[in-house]
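# Fold and contact review
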Amino acid sequence: MLIRRSWVKAAFALLAGSTVSGGLIAENADAQEGFGNNFANSIDSIHLVKLEDQLRYGLRCSRPGQVEYVRQVSRAVEEGRLPRGMVNLVFRWATQRDTNVPFPYFQYALEELARRRGISISGV
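Residues numbered from 1 in each chain as written. Predicted model: local features only at pLDDT ≥ 70, side-chain atom pairs only at ≥ 80, totals over all residues. Heavy atoms only, no water.

## A closer look at the nonpolar core
How we decide: Only buried residues count toward a nonpolar core, which is a set of Ala, Val, Leu, Ile, Met, Phe, Trp, Tyr and Cys residues joined through side-chain atoms within 4.5 Å. Each residue is placed in one exposure class: buried if its accessible area under a 1.4 Å probe, protein chains only, is under 20% of its type's maximum, exposed if it is over 50%, and partly exposed if it falls in between. Every helix listed is a DSSP run of H or I at least four residues long, and every strand listed is a run of E at least two residues long, numbered separately from the N terminus. Note on definitions: a residue-residue contact is assigned when non-hydrogen atoms from the two residues lie within 4.5 Å.
Counting residues in each nonpolar core, the largest one holds 23 residues, and the members touching the most others are Leu55, Leu59, Val73, Leu82, Val87, Phe106 and Leu110. Elements with a contribution of two residues or more to this core: helix 3 (51-58), helix 4 (64-79), helix 5 (84-97) and helix 6 (103-116). Sorting elements by how many residues they give to this core places helix 4 first, with six residues. Setting aside residues up to four positions removed in sequence, Leu110 forms contacts with Tyr69, Val73, Leu82, Met86, Val87, Val90 and Ile121.

## A short note on the packing of aromatic side chains
For the record, the criterion: The rule is short: rings of Phe, Tyr and Trp, with Trp giving its six-membered ring, pair when the centres are within 6.5 Å, and they are stacked under 30 degrees, edge-to-face over 60, tilted in between.
By the definition in use, this model includes two aromatic pairs. A ring pair is formed by Tyr69 and Phe103, whose centres lie 5.7 Å apart and whose planes are at 90°; its orientation type is edge-to-face. Here Tyr69 is found in helix 4, whereas its partner Phe103 is found in helix 6, with 34 residues between them in sequence. In this structure Tyr69 comes out as buried when scored by relative accessible area, which is 7%. Taken together, a centroid distance of 6.2 Å and an interplanar angle of 80° make the contact between Trp93 and Tyr105 edge-to-face. In this pair, Trp93 is assigned in helix 5 and Tyr105 in helix 6, connecting sequence segments twelve residues apart. Residue classification places Trp93 among the partly exposed positions, given a relative accessible area of 40%. Assessed through its relative accessible area of 31%, Tyr105 is described here as partly exposed.

## Quick look at helix 4
Note the following rule: Here a helix's expected span is defined as the number of its residues, less one, multiplied by 1.5 Å.
With 16 residues, helix 4 extends 22 Å from end C-alpha to end C-alpha; this agrees with the ideal 22 Å at 1.5 Å per step. Along helix 4, the residues classified as buried are Gln66, Val67, Tyr69, Val70, Gln72, Val73, Ser74, Ala76 and Val77. Buried residues along helix 4 sit in contact with helix 3, helix 5 and helix 6. Just downstream of helix 4 lies Gly80, where phi reads positive at about 90°.

Below, the structure is given as structure tokens:
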């Protein structure tokens, strides 16, 4: 009986180890894949939240003017006048700059970057 129990333990350890290492190999392969050939399909999975909602709740908009500004910025992104990557970059910077009141930092930095890059946000 002693031999049989140790054999069962060894077999269980072998099976459990191969399952865990197989899972790690699969996770590493997925992580290293990046965007690969499915770049267009991956963009949609990155932007799971509507930009307007991300900005409104992430920047803690509380005044009607702030909400309207966010609505106009998201409209400019949808129309292609403003790159979403730049908006996301400024959003991330503003929320790291001040976690309690990030909106003024966002508004100033976005307008300044757009001006420096020659992007017209006249509707905003």
